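Reading the structure
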Amino acid sequence: MKIAVLAKEIPDSDIVDAFAWAGRLQIDPTIKAIRREGIALGMNAYDEQAIEAAMRLRDAGVKGTISVLSVGGTAPDKLFQRAFALGADEGYHLADPAFDEADSVGVAHILAAAIRHVGGADLVLCGRQGSDYDQGIVGPTVAALMDIPCISIARDVKAVSEKVVRVIRVIPDGEETVDVELPAVVTISNELGTPRYPPAMALFAARRKRATTLTAKEIGVDPARVSVSGQRVRRVDMYIPELKGKCEFLDGGGPREVAAKLAQRLREDGLI
Amino acid sequence: MSKSILIVAEAEGGRLVRMVSDLAAVACGLVGGAAGSVVAALSGPPGTAGLAKELWPHGVSVAYVAEHPLLGELRPETHARAAAAAVQQAGPSLVLVGQTLLGRDMAPYLAARLNTSVLMNATELRRNSSGEVEVVCPVYGGSVRAVYTVSESPATVVGFQPGVAVRGEAVAGGARQGQVVSVDPGLGGFQSKVKLVNRATTAGPRLEEARVIVSGGKGLGDKKNYAYIEDLAKVVGGMPGASRAIVDLGWATRAQQVGLTGKRVSPDLYMAIGISGASQHMAGCSTSKVIVAVNRERDAVIFKYARYGVLGDCLEFLPSFIEECRKLKAG
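Bear in mind the structure is a predicted one, so any value in this text is a computation, not a measurement.

1. Some thoughts on the packing of aromatic side chains
The geometry of two aromatic rings is summed up by the distance between their centres and the angle between their planes. Counted under the stated rule, the structure contains 3 aromatic pairs over all chains. A ring pair is formed by Phe317 of chain B and Phe321 of chain B, whose centres lie 5.1 Å apart and whose planes are at 20°; its orientation type is stacked. Within this pair, Phe317 of chain B and its partner Phe321 of chain B are both found in helix α8 (residues 314–330), separated by 4 residues, close to a single helical turn. The same class applies to Phe317 of chain B as to Phe321 of chain B, namely buried. It is Arg24 of chain A that lies over the ring of Phe19 of chain A; its NZ or CZ is 4.3 Å from the centre.

2. A closer look at the pairing of strand β7 (residues 124–127) of chain B
All names here are of chain B. Both β7 and strand β8 (residues 133–139) contribute to a ladder of 4 bridges, which runs antiparallel. When the bridges of β8 are listed, Arg126 appears paired with Glu134. Remark: 5 residues form the turn of the hairpin made by β7 and β8, two consecutive strands paired antiparallel; Gly131 in that turn has positive phi of roughly 85°.

3. What about unusual backbone geometry?
The omega torsion across Leu182 of chain A and Pro183 of chain A is 0°, close enough to zero to call that bond cis. Positionally, Pro183 of chain A belongs in the loop between β11 (174–181) and β12 (184–188). Here Ser153 of chain B and Pro154 of chain B are connected by a cis peptide whose omega angle stands at 5°. One can find Pro154 of chain B in the loop between β9 (144–150) and β10 (156–160). One non-glycine residue, Lys32 of chain A, lies in the positive phi region at around 50°. Note on placement: Lys32 of chain A falls in the loop between β3 (27–28) and β4 (33–34). With a phi angle near 60°, Asn115 of chain B is a residue other than glycine that sits in the positive phi range.

4. Remarks on the pattern of salt bridges
Taken as a whole, this structure holds 33 salt bridges over all chains when the rule is applied. The partner of Asp173 of chain A in a salt bridge is Lys263 of chain B, and the shortest N-O contact between them spans 2.9 Å. In this pair, Asp173 of chain A sits in the loop between β10 (164–171) and β11 while Lys263 of chain B sits in the loop between α5 (244–248) and β15 (269–273), so the two residues belong to two different chains. Accessibility assignment for this pair places Asp173 of chain A and Lys263 of chain B in one class, buried. The partner of Glu208 of chain B in a salt bridge is Lys263 of chain B, and the shortest N-O contact between them spans 3.6 Å. Here the residue Glu208 of chain B occupies a position in the loop between β12 (194–201) and β13 (212–216), and Lys263 of chain B occupies one in the loop between α5 and β15, the gap between them amounting to 55 residues. Judged by its relative accessible area of 21%, Glu208 of chain B falls in the partly exposed class. You can call Lys263 of chain B buried: its relative accessible area is 4%. Within this structure, Asp173 of chain A together with Arg18, Arg206, Glu208, Glu209 and Lys263 of chain B form a network of salt bridges that share partners.

Parameters at a glance
- Residues numbered from 1 in each chain as written.
- Chains lettered and ligands numbered in written order.
- Predicted model: local features only at pLDDT ≥ 70, side-chain atom pairs only at ≥ 80, totals over all residues.
- Heavy atoms only, no water.
- Phe/Tyr/Trp six-rings, centres within 6.5 Å; stacked < 30°, edge-to-face > 60°.
- Helix = DSSP H or I, 4+ residues; strand = E, 2+ residues; numbered from the N terminus.
- Buried < 20%, exposed > 50% of the residue type's maximum accessible area, 1.4 Å probe, protein only.
- Lys NZ or Arg CZ within 6 Å of the ring centre and 35° of its normal.
- Pairing = 2+ DSSP bridges.
- Salt bridge = Lys/Arg side-chain N within 4 Å of Asp/Glu carboxyl O.

Fair warning: the whole summary comes from geometry, so function is off the table for now.
Here is the structure:
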């Protein structure tokens, strides 16, 4: 079974959160994006879990290569080191000035072409969404472009045979189990669990591995097709919403007095 | 500017889903009540056309209906084909999709089939002073807002999160009778590659419909203390919720998770107990009418959202508060 995992480099979301909390997050008005000074870049955590899903298939006896594909980014070596350490066999870095204007749809075009170029995939795995823009577009769009099914928000993927996987999806009030004929795209959610910590040997071996760089021409994707979607949907502003902060603190006395005050207040407001 | 806006009207189990009226309200809001400018794509198994009449009171004037036995299953591959056929026939300037379980995947599929662009998680749709359509989307877990201008030719597909768009009511002046146009979903020869093995959902009341929600976070300190949250919820006639942190720890179930990747709720009263107020959590509850926060940290972000705040250890506060509420309820 050939497994392709799609991975994205993003600013570390824990650090972005911490900056936002501390009121230190800033927007660069010229590029309409967050300022990245002091914010580490790394692989989207949901995509790391997609590699983990591939590794669990391997642990269960599924044979075949696990390839990681990623578009652009500013520190691709770091991303691929991480991918190799987590267990990927091959890495493909899709890098070309023609990709600069790609939005999610453009990125999906690049990835679909790259998957074709490297000989196709039986199972395409990726995170449910990027923790930067939270859009969740790439997985389903790659599936649509390859004309194959997409099963989203999975917490478990098991091989039923070489041709079929059984996926447990997380749905709003429970779970859904589906069997899907390959090839297919499956997007992975955090419920899959934490990826394994790479053993020291794997970390060491990963340092010697290199990803293969591929350009637009090499994968045969039309640069115009890659950029047109991003030209039609333009980011014109980015801002940090201001919070009103009109909290009335209830105090005076111990927990019992405060509890009584709050209960009384909520009763007066007709809330309880 | 005379072109229409098309909403994808999802039907499940022979009923329109709740988001349909919200999408219709968003569309009506943008066209400013111009008659004949909001249309819908409706797809489902044979017999679905009968639901079209429920769209008219919401300002929809034409329903493009695709019926096919395969559309009884809520799969994006098939419903995107049906919606694409409707869009090609209607020629709208925008396509709005509700991010239900189906819509979340269907919107990108539909955009790919139409060879157009797509934006998800929209919370606002408006026309700017230059007449362009602007879409606002929360990004970085809700810490930041991004504003986009979107193409109307070809029409951009815009996905809306449930519960964040305006609550749609029947609109005054909504047509009493609309037009049903039947479209071919183009599913001849389509072979489904996906087989549903099992669907297990918890029965009973849903968090999204609760008037009062009491949610617990890591400030509870231990799994056993979640019992306080359940007790309090019961006493005040609400439902217990949870932050993702404690769902990941196994203190509460996934169905109770409020936030970006959990439930979007908007109750009259939301009590956040031992929850710091990370943007990913607030993305699921910040539209609640009244938020009460109990937290030990004076600087916790949750207090910026809260109407009432209690500064202190939630474990010292909860037993007294449960008792006070019980007294009030009894009295």
